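Architecture and fold: a report
Chain residues, written in single-letter form:
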Amino acid sequence: MQNRVGILILTGVIALLCIYYLSFTFVSNSIKNDATTYATNAKGDVDITKKQHYIDSLWKEPVYLGNTLEEVTTRELGLGLDLQGGMHVVLEVSPSEILRGLAGGTRDPKFEQALKKATEAQKSGQSKFVDNFISAYKEVAPNTKLATIFANSTNRGKINFQSSDAEVRKLINDEVDGSISRAFQIIQARVDKFGVANPNIQRLPGSGRILIELPGVDNPERVRRLLSGAAKLEFAEVYTLNDVAGGLDQLGAYLVQMEAERKIAATQKPAPTTATTDTTKKDNSLAAQLAQKNQAAKGDSAKSDTSATAAQNAALTSLFVPMSQNQLGVYLKDTARANDILGRANVKALFPADAVLMWDRKAIVTNDNKEILPLYFIRKPAGRAPLEGDVIVDATNDYDDRGRPEVTMRMNAEGARKWRALTAANINRPVAIILDNLVYTAPTVQNEIPNGSSSISGNFTVDETKDMSNILKAGKLPAPTNIVEEAVVGATLGSEAVSAGVLSSVVGLIIVLIFVVAYYGSAGFIADLALFVNLFFLLGIMASLGAVLTMPGIAGIVLTIGMAVDANVLIFERIKEELALGKPFKQALSDGFTNAYSSIIDSNVTTLLTGVILFIFGTGLILGFATTLVIGILTSLFAAIFITRIILEQYVKNGKTLAFGTNWSKNLFKDSAFDFVSRRKLYYTISSVIIGLGIISVIFKGFGLGVDFKGGRSYVVRFENNVSTDDVRNALENELPGSLEVKTYGGTGVGGANQVRVTTSYLADATTPEADKQTESKLLAGLTKIQGNKGSIESSQKVGPAIANDLIYSALWSILMAVAVVFCYILIRFKKLAFGYGAVVALFHDVLIILAIFSIGNGWLPFSLDVDQAFIGALLTIMGYSMNDTVVVFDRVREYLNDTKGRKESIPVIINNALNSTLSRTAVTGLSTMLVLIVLFFFGGETIRGFSFAMLIGVIVGTYSSLFVATPIVVDALSRDQLNEVAATPEPPATGKAARAKA
């Protein structure tokens, strides 16, 4: 081999770099183990606080090659969310709110109608929100220019009333894109200060969405507040109870009358449909109602007045809870009723026009464990607070003089002046500090604050003050954000996934190594060494790139090991063929490598192209799998082509030879003469029947769609004992109305039935944190109905309807793109349309067969067959594997067709010979890969069980299609081409007797 020295030097350099980058992982894990040991008591219990204190003490200290522990941690080979727990979030910056801001707060009903239509269209289409809005606006206001809405003081200097719709569209698109970019920067700043090692934050191209992955996070609620809080900070005056006493008295009278009307309505028959019993259609003003009451009360005694007052007070206390002399609250369970009553126009009219009702950020727990949420009457002249958060120049978390956590703020000159005036005007009165429409604190002002420095103190934890200061420093989001996709993985599931992944990897590797040695004998040891080098390089390169190892990533590693065997198999089989021709070992070695290169390159490039498509279109776990697959293909090629050859040439140099088989395998496929072609119509029929049954199943049964393709929420629930899915479904169906699915999800109990996956459509369209909390609360309430078997939520996932729709489109595009790319590559490499037809038909055949199996088998097998993102990743990988197998066969067919002796034989005979000559390679590669996937299926854990099942079936189907579908189609296509060529060839001119006879 030429450049042998250069290859050895390159291998050494790569090995040293891999050792360097992997060393950070070993150092980080060593320090974490030391921290665990330090925090473990004599009973074996680990004190988490003590462990964290140990790590914090070294966080900024040099621990390895001048790197601090913080730097070492960021450079280690990180674990994904599914391996250590954590949170995956996709945020969507609300484009409708951006448009409302650009419209200057217009109250045009057609504008609101168009926004509503655009929001609905966004859930089921792929167009941009701005395009949907403009189309909707033109529909509801066909003769109105966009400038009539958007030409206002907000956009002065950018557009005017004469601006065209195209100019306005450009402005809106620019502002939306700019808002998303600013939101990304603000979210990035918040997350960077959150204290999470190796966070992943990225914009998702083509959408207003931001992906955030936070490994190790164990407080999802805190993350939700951090990410979705707009950071709208306000300072405002507070109306005391004395200020609104008159309004409260009238509200009491109104509540008394509401109760009286309710009792009357309950005892009377329903009124005729032509009449109305709605008091708001007569005179719904509270003044009119009070006047009627006063008229009826004339002549009554003072005792009656006292009774009326008592009734009003009773009505008020039925809704409000006096918390102090100057503070009202509402029981947390009654806040929905309070919002309904206080939001009515006739109730709002009882209080000052500039009064805005706001809740406190946190409920107060009473001695009898009831939760009360404080209520404030905030004074906002013209709907705006006198001082807002844009005046804050710095904010830090600190402690007050009593050791309680607080946030200190520093304002700019304008803010200091306004703050001084506001505090001076409200001495001995409360001033509220409001963040995102929640009152964080409302202290009574003791003195004027002249210097613009102040603090927010209250019932805060240290984490809350850290997050608050973080949010204030990062700035206000340009528009609200919604969490449209979320996945939370508990640490317990993560640790179990690590154990399952490591076990499956080790067992899979051992089985492959044993199989290779058993089949190829002493040459198998060389292939095994190349596999070890491949694995080492793979992990080292992943560490150097900052890649994160996920459970599908481990699957990718194990699958890469299985597929890496293929390159060695191709080489060894070619060397065996050359040795069978009687060539010397050195010559057979050289010719074997030369003849194998074409098949190795073609087969791996097709899989690589599929991996690249997965990398481009995939997110989350699929992206982790694609990263591992792409790197693994490159390292396996390097190991097989260079490392294996260097070792074999060293044997030649030392005058040694090798056997490329064992006693049982050396003649296993020798002189095989299977007829693959003559029965091709039978194989077509078998495939057609399976696909036909699948189509019928899809029509009448459909698929078990995962939550990421149909939207909704999904929870993995673990019980103390085994549990029946029917019992769980019965317990939850009243709590979670709508679509509800309960399926067994692995588990550690007998039969693996102590865990279930619960998928619900309840509040699927609501993506707010409140909806998340409400759904989880309903789920937990239902689980308590299962007596004697406590259930806990181990992980959760949420996908909004819009993102679910986007994922479906993305999956379809991925499949079509993979087919198109592979077709083009094969057409370029093989230069005949017949090979392209065979490849594409085989790809669609494999996809349809697997879809049919997943539809038919859904509900019949004891594990999930959901069609989700992981399934699509498996499908694309199967397509790559199938092409790998098919291209190797095609390469040998091309070689036989180009052989001069082969030209004298018919197309079916040539292709039959080609298939038989590659049968050994097809069997060895297919069997080794299937062995690995069987290990993954049984030991890889529930996270990838459906994924590994799809892969296992896919390898079987892919091997079948390359032999019995793809190549027979090439036979038919080439045979037709030959017949057409014969028919198109003109007969030679007749001469002599033949010419005279013809005449």
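Calculation notes
Residues numbered from 1 in each chain as written. Predicted model: local features only at pLDDT ≥ 70, side-chain atom pairs only at ≥ 80, totals over all residues. Heavy atoms only, no water. Helix = DSSP H or I, 4+ residues; strand = E, 2+ residues; numbered from the N terminus. Buried < 20%, exposed > 50% of the residue type's maximum accessible area, 1.4 Å probe, protein only. Contact = heavy atoms within 4.5 Å. Areas by Shrake-Rupley, 256 points an atom, 1.4 Å probe, with all protein chains shown as cover. Expected span 1.5 Å × (residues − 1). Pairing = 2+ DSSP bridges. Axes fitted to C-alpha atoms, helices over the stretch in contact; angles between N-to-C directions. Patch = residues over 30% accessible without salt bridge, like charges linked within 9 Å, V, L, I, M, F, W, Y side chains within 5 Å. Salt bridge = Lys/Arg side-chain N within 4 Å of Asp/Glu carboxyl O. Phe/Tyr/Trp six-rings, centres within 6.5 Å; stacked < 30°, edge-to-face > 60°. Lys NZ or Arg CZ within 6 Å of the ring centre and 35° of its normal. Core = buried A, V, L, I, M, F, W, Y, C linked by side-chain atoms within 4.5 Å. Parallel < 35°, antiparallel > 145°, perpendicular 65-115°, else oblique. Left-handed = near helix turned anticlockwise from the far one by under 90°. Nonpolar A, V, L, I, M, F, W, Y, C, P; charged D, E, K, R; others polar. pLDDT = per-residue confidence, 0-100.

**Points about the overall build of the chain**
Each helix and strand counted, the chain has 34 helices and 24 strands in total. Relative to its 999 residues, the chain shows a buried fraction of 50%. Long-range contacts, defined here as pairs at least 24 residues apart, represent 74% of the contacts in the chain between residues at least 6 apart. Counting every atom, the chain has about 47,000 Å² of accessible surface; 57% of that belongs to carbon and sulfur.

**Notes on helix H20 (residues 522-544)**
Helix length check: H20, at 23 residues, gives a terminal C-alpha distance of 34 Å against a target of 33 Å (1.5 Å per residue), a fit within 8%. Looking at the residues trailing H20, positive phi occurs at Gly546, about 70°.

**Examining the sheet that holds strand E19 (residues 481-489)**
Across the sheet, eight strands lie side by side as E5-E6-E4-E19-E24-E21-E23-E22; this open sheet has antiparallel pairing. Every interior strand has two partners, whereas the edge strands, strand E5 (200-204) and strand E22 (740-744), have only one. For this sheet, the mean angle separating the axes of adjacent strands, direction not counted, is 20°.

**A look at a nonpolar patch on the surface**
A cluster of nonpolar residues, Val689, Leu693, Ile695, Ile696, Ile699, Phe700 and Ile856, forms a patch on the protein surface that exposes about 720 Å² of accessible area. By residue number, the principal contributor to the nonpolar patch is helix H24 (residues 680-700), which donates six residues. Assignment of secondary structure puts Leu693 in helix H24.

**Some points on the side chain of Ser599**
Note on placement: Ser599 falls in helix H22 (residues 585-617). Not counting residues within four places of it along the chain, the set of residues in contact with Ser599 comprises Leu570, Val888 and Asp891.

**With respect to the packing of aromatic side chains**
Counted by the stated rule, this structure contains 28 aromatic pairs. Relative to Tyr54, the ring of Tyr38 lies with its centre 5.2 Å away and its plane at 40°, an arrangement referred to as tilted. Linking Tyr38 in helix H1 (residues 4-39) with Tyr54 in helix H2 (residues 48-58), this pair joins segments that are 16 residues apart in sequence. Pairing Tyr519 with Trp664 gives two aromatic rings, centres 5.8 Å apart and planes at 85°, and the pair type is edge-to-face. You can see Tyr519 sitting in helix H19 (residues 491-520) and its partner Trp664 sitting in the loop between helix H23 (620-653) and H24, a full 145 residues away along the chain. Taken together, Phe515, Tyr519, Tyr520, Phe572, Phe585, Phe660 and Trp664 form an aromatic cluster joined through their ring pairs. Against the face of Tyr38 rests Lys50, its NZ or CZ located 4.9 Å from the ring centre. Between the NZ or CZ atom of Lys370 and the centre of the ring of Tyr331, over which it lies, the distance is 5.6 Å.

**Remarks on the nonpolar core**
Of all hydrophobic cores here, the largest spans 121 residues; its most connected members are Leu648 and Ile911. The next biggest cluster of nonpolar side chains, apart from the first, holds 46 residues, and it includes Met87, Ile159, Ala183 and Ile212.

**Focus on the packing of helix H30 (residues 869-898) against helix H31 (residues 907-917)**
For the pair H30 and H31, interaxial distance at closest approach is 9 Å and the crossing angle is 130°. Judged on the interaxial angle alone, H31 and H30 are oblique. Between H30 and H31 the crossing geometry is right-handed. Two secondary-structure elements touch here, H30 through Val889, Arg892, Val893, Tyr896 and Leu897 and H31 through Ile907, Ile910, Ile911, Asn913, Ala914, Leu915 and Ser917. Class assignment of the residues belonging to the contact of H30 with H31 gives a composition of nine nonpolar, two polar and one charged.

**A few points about the environment of Gly329**
Mapped onto the elements of the fold, Gly329 is located in strand E9 (residues 327-331). On the basis of relative accessibility, which here comes to 0%, the residue Gly329 falls in the buried class. Once you skip the residues sitting within four places of it in the chain, Gly329 turns out to touch Leu319, Phe320, Val321, Met323, Ile372, Leu373, Pro374 and Leu375.

**A look at the confidence of the model for the chain**
This prediction gives the chain a mean pLDDT of 78; 84% of its residues lie at or above 70. No element of the chain has a lower mean pLDDT than helix H12 (residues 280-283), at 38, and none a higher one than H24, at 91. Taken together, the stretch residues 271-303 has pLDDT below 50 and engages in 19 contacts with residues farther than four places along the chain or on a different chain. Below a pLDDT of 50 lies the segment residues 990-999, which in the model reaches one contact outside its immediate sequence neighbourhood of four places, other chains included.

**Comments concerning the sheet that holds strand E14 (residues 392-399)**
Spatial strand order, E14-E15-E18: three strands in an open sheet with antiparallel pairing. Whereas interior strands pair on both sides, the edge strands pair on one side only; in this sheet they are E14 and strand E18 (453-457). Within the sheet, the average angular offset between the axes of one strand and its neighbour, ignoring direction, is 25°. Sheet topology note: the E14/strand E15 (residues 405-411) ladder contains seven bridges and is antiparallel. Residue pairing for E15: Asn397 is matched across the bridge by Val407.

**Notes on the pattern of salt bridges**
Considering all chains together, one arrives at 33 salt bridges under this definition. Note that Asp243 is salt-bridged to Arg429, the shortest N-O span being 2.7 Å. Of the two residues, Asp243 sits in the loop between strand E7 (233-239) and helix H11 (245-267) while Arg429 sits in the loop between helix H17 (413-424) and strand E16 (431-435), which places them 186 residues apart along the sequence. Each member of the salt-bridge network shares a partner with another, and the members are Arg574, Glu577, Arg892 and Glu895.

**Things to note about the packing of helix H7 (residues 129-140) against helix H9 (residues 165-192)**
Running from amino to carboxyl end, H7 crosses H9 at an angle of 145°, the nearest separation of the two axes being 10 Å. Between H7 and H9 the crossing geometry is right-handed. From H7, Val130, Asp131, Ile134 and Lys138 reach across to H9, where they touch Asp165, Arg169, Ile172, Asn173 and Val176. Here the residues of the contact of H7 with H9 sort into four nonpolar, one polar and four charged.

**A few points about unusual backbone geometry**
Peptide bonds are trans in most cases, and residues, glycine excluded, mostly fall at negative phi. The backbone of Leu65 sits at a positive phi, close to 50°, despite the residue not being glycine. With respect to the helices and strands, the residue Leu65 is situated in the loop between strand E1 (62-64) and strand E2 (67-68). Among the residues examined, Leu65 registers a relative accessible area of 59% and is labelled exposed. For Asn428, which is not glycine, the phi torsion reads 70° and is therefore positive.

**Quick word on the pairing of strand E17 (residues 438-441)**
Bridging between E16 and E17 involves three bridges; their strand directions are antiparallel. Within E17, the position partnered with Leu435 by the bridge is Leu438. Where E16 folds back on E17, the antiparallel hairpin that results is connected by two residues, among which Asp436 adopts a positive phi of roughly 55°.

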